[in-house]
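Chain and residue survey
Each chain, letter by letter, is given below.
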Amino acid sequence: MHNYLSNFPLSRLRRVRSEEWIRQLVNESNLSINDLILPIFINYHKKSTKIDTMPGISRYCLNDAIEVANAAKEIGIKAIAIFPEVPTEKKDANGSEALNDNNIVCKAIRKIKENIKNLGVICDIALDPYTLSGHDGILEDGKVNNDKTVEILVKQAKLNVDAGCDIIAPSDMMDGRVKNIREMLEKNNYHNTLIMSYAAKYASCFYGPFRDAVSASTNLGQDKKKSYQMQFGNSQEALRETALDIKEGADIILIKPGMSYLDIIKSVKETFNFPTFCYQVSGEYSMIKNSILSNIFEEKDIVIETLSCFKRAGADAILTYFAMDAAKILTKQK
Ligand code: PBG
């Protein structure tokens, strides 16, 4: 490393910050619309509904969801990620609505694929919107059973791909699910279907508003999701999770949550040089959005700053509920 301190006034770091044009020239990372993925909540109703804990975000009815997906595509967003809100009467212990080939996710995929070209569709693979427990898998003796859950997830993935989904995104954190999904895809000639694995997904308070959005039970028991999602003090383990998922056939690695986990994004990207995405999750959105609404932050500044920092850390793309807002801001800047 250089010893800058001894060099003054030969070295003045402020020279490269003195005017906008030079700041642009020395800029090390860029955020563009090509980096954005929009998560969309879809409900089973005829009307969209607002989400109390996520101001400005709705659970869309099917028709509105198609409109939003189309608007995303029109502004240049490359992919959307679909999450269902399932009515309580359709939930059960095994999350069987996940295996209904006419559930709202399968319907939405088919409709989007019929109506919109060149927009990637990502589907979450996990059972939490469908189980009464709110857990990502099925419970046995109070614990999520890994292998039985994986069997169901593989079937869920197959239905979504049959419906036209481009990227399967297992967010459940069961062991071996990427391998089993990849084998199912190969066996069924889906050689080009992508797997984006939530490789390093932490047990986090930041998912709170999401659980409200998909009406998942928050009564998860004392350990919550800690027996399958990672503990926030660990980073070496994130590398082991990533190494395994790559070996099992993942094409893209996802890190989540985002803002408090930038070090994980950086070390995963630097270690594996693999497509690495991150998720600015619901709680991060709500924190920022509420601050914008309270006039603590200026929307365009805080949104662009937080998303640009993901790029600096090494993320190739970002799932964010601000995707449309960011795309509009970036379009205006051109
Ligand atoms: C489902 C899932 C969750 C999120 C994405 N997929 C919630 C959870 O694991 O509890 C969270 C996304 C967000 O908070 O925006 N397994």
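Reference entry: report on the structure contained in this document. Residue positions are counted from 1 within each chain, in the order its sequence is given. The model is predicted, so local features are restricted to residues of pLDDT at least 70 and side-chain atom pairs to those at 80 or more, both for listing and for counting; the totals for chains, interfaces and linings are taken over all residues. Side-chain measures here rest on the full set of heavy atoms in the structure, leaving out hydrogens and waters.

**Description of the packing of helix 4 (residues 146-163) against helix 5 (residues 177-187)**
Threshold: Where helices are involved, their axes are fitted lines through C-alpha atoms of the stretch in contact, as for all axes, and angles between N-to-C directions lie from 0 to 180°. Strands are runs of DSSP state E lasting at least 2 residues, helices are runs of H or I lasting at least 4, and numbering of each runs from the N terminus. Orientation is classified from the angle alone, with under 35 degrees giving roughly parallel, over 145 giving roughly antiparallel, 65 to 115 giving roughly perpendicular, and any other angle giving oblique. Whether a crossing is left-handed or right-handed is set by the direction in which the near helix is turned from the far one by less than a right angle, anticlockwise for left-handed and clockwise for right-handed. By the convention used here, residues are in contact when the closest approach between their heavy atoms is within 4.5 Å. In this classification, Asp, Glu, Lys and Arg are treated as charged, Ala, Val, Leu, Ile, Met, Phe, Trp, Tyr, Cys and Pro as nonpolar, and every other residue, Gly included, as polar.
At their nearest, the axes of helix 4 and helix 5 sit 9 Å apart, and the two run at 40° to each other. Here helix 4 is positioned oblique relative to helix 5, judged by the angle of their axes. The handedness of the crossing between helix 4 and helix 5 is right-handed. Side by side, helix 4 and helix 5 meet where Val150, Leu153, Val154, Ala157, Lys158 and Val161 of the first sit next to Arg177, Asn180, Ile181, Met184 and Leu185 of the second. For the contact of helix 4 with helix 5, a count of residues per class yields 8 nonpolar, 1 polar and 2 charged.

**Describing unusual backbone geometry**
The omega torsion of the bond from Phe8 to Pro9 falls at 5°, within 30 degrees of zero and hence cis. As for its placement among the helices and strands, Pro9 is situated in the segment before helix 1 (20-25). With a phi close to 50°, Asp141 is a non-glycine residue in the positive phi region. Looking at the element boundaries, Asp141 is found in the loop between strand 6 (139-140) and strand 7 (143-144).

**Things to note about the layout of surface pockets**
Definition in use: Cavities and pockets were defined on a 1 Å grid built from protein atoms only: a cavity is a group of points that admits a 1.4 Å probe but offers it no way out, a pocket is an open group of points flanked by protein on both sides within 12 Å along at least five of seven lines, and a lining residue is one with an atom within 4 Å of any such point. Grid points are joined across faces, edges and corners, and a volume is the space filled by probe spheres set on the points.
The calculated volume of the largest pocket comes to roughly 550 Å³. Contributing to the lining of the largest pocket are 17 residues, with Asn27, Ser29, Asn30, Ile304 and Ser308 lying nearest its centre. Only helix 1, helix 10 (299-313) and helix 11 (323-333) provide two or more residues apiece to the lining of the largest pocket. Grouping the amino acids of the lining of the largest pocket by side-chain chemistry returns 5 nonpolar, 6 polar and 6 charged. Roughly 350 Å³ of volume is contained in the second largest pocket. Forming the walls of the second largest pocket are 16 residues, and the residues nearest its centre are Ala203, Ser204, Cys205, Arg211 and Lys224.

**With respect to the nonpolar core**
The tendency in soluble globular proteins is for nonpolar side chains to be buried side by side. To be explicit about the condition: Within this scheme, the nonpolar core is defined by two criteria: the residues are buried Ala, Val, Leu, Ile, Met, Phe, Trp, Tyr or Cys, and they are joined through side-chain atoms within 4.5 Å. For each residue, the accessible area found with a 1.4 Å probe, counting protein chains only, is set against the maximum for its type, and the residue is called buried under 20%, exposed over 50%, and partly exposed in between.
Core analysis: the biggest nonpolar cluster contains 108 residues, and Phe41 and Ile80 have the highest contact counts within it. No other element matches helix 4, which puts 8 residues into this core. Look past the residues within four positions of Ile80 in its chain and what remains in contact with it is Ile37, Leu38, Ile40, Ala69, Ala72, Ile112, Leu119, Gly120, Val121 and Ile122.

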